[in-house]
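Fold and contact review
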Amino acid sequence: MSTESVAIDPQLLKDRIAAALGERARGISLALGEITVTVDAASYLAAMQVLRDAPDCRFEQLIDLCGVDYFSYGNEAWQGRPRFCVVSHLLSVSLNQRVRVKVFCPDDGLPVVPSVYALWNSANWFEREAFDLYGIVFEGHPDLRRILTDYGFIGHPFRKDFPLTGHVEMRYDAQMQRVVYQPVTIEQREITPRIVREDNYGGLH
């Protein structure tokens, strides 16, 4: 007989998560068989610990964590709502179930949420990446510093208002014999593809 866990019915899992989190959950949705839990920043750390430790949850692994910038969102106006969000994906190996957790940073000017490093040490590099690319600060992280961009990099490149060419560029200066930073020299321009129409193109008549 197979010892593999059978995946739980998504609606039942949603109900169990709702019961475990109680008022810590701001909202729980089920779409396309996937459960998304939204929590406030003040309840984030406590909610994540419940999801890890509650008998019906037991999400032992943090398999992904990333930042999201809702500066603009499709055709839907995003004004009046928090701009920056942290999205985590949790996996329970023992119960064969998954959940997505979203927490919005209450302050757009200085987006801060608690670190979950103490719960899952796999959050270490994930949180550093979100800090580097989005400027989201994870309070309590033991080593929050850039992980992908250079130490002298200005700004956070995944923010939607960050220019595609960046703010500065670097080059090697032969006279100074070192790498130097300077303002970007690339001219911002919009490239429109040229359309060529020829008679009998592709052998069509």
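Details of the structure are given in the entry above.
Another aspect to go through is the pairing of strand S5 (residues 97–104). For S5, the tally of buried residues reaches 6 of 8 residues, placing the bulk of the element in the interior. Inspection of the sheet shows strand S4 (residues 84–92) paired to S5 by 8 bridges, in the antiparallel sense. Counterpart to Leu91 in the pairing with S5 is Arg98.

Okay, the side chain of Asp132 next. With respect to the element layout, Asp132 can be found in helix H3 (residues 123–134). Within the structure, Asp132 has its side chain in polar contact with the backbone nitrogen of Ile147 (distance 3.1 Å). The contact partners of Asp132, leaving out residues within four places of it in the chain, are Arg146, Ile147, Leu148, Thr149, Gly155, His156 and Pro157.

The sheet contact formed by strand S1 (residues 25–31) and strand S2 (residues 34–39) spans 6 bridges and is antiparallel. Looking at the pairing, Ala31 lines up with Glu34 of S2. The turn joining S1 and S2, which pair antiparallel and follow one another in sequence, is formed by 2 residues; a positive phi near 55 degrees is taken by Leu32.

Calculation criteria
- Residues numbered from 1 in each chain as written.
- Predicted model: local features only at pLDDT ≥ 70, side-chain atom pairs only at ≥ 80, totals over all residues.
- Heavy atoms only, no water.
- Buried < 20%, exposed > 50% of the residue type's maximum accessible area, 1.4 Å probe, protein only.
- Helix = DSSP H or I, 4+ residues; strand = E, 2+ residues; numbered from the N terminus.
- Pairing = 2+ DSSP bridges.
- Polar contact = N/O pair within 3.5 Å; in protein donor to acceptor, adjacent residues only side chain to side chain.
- Contact = heavy atoms within 4.5 Å.

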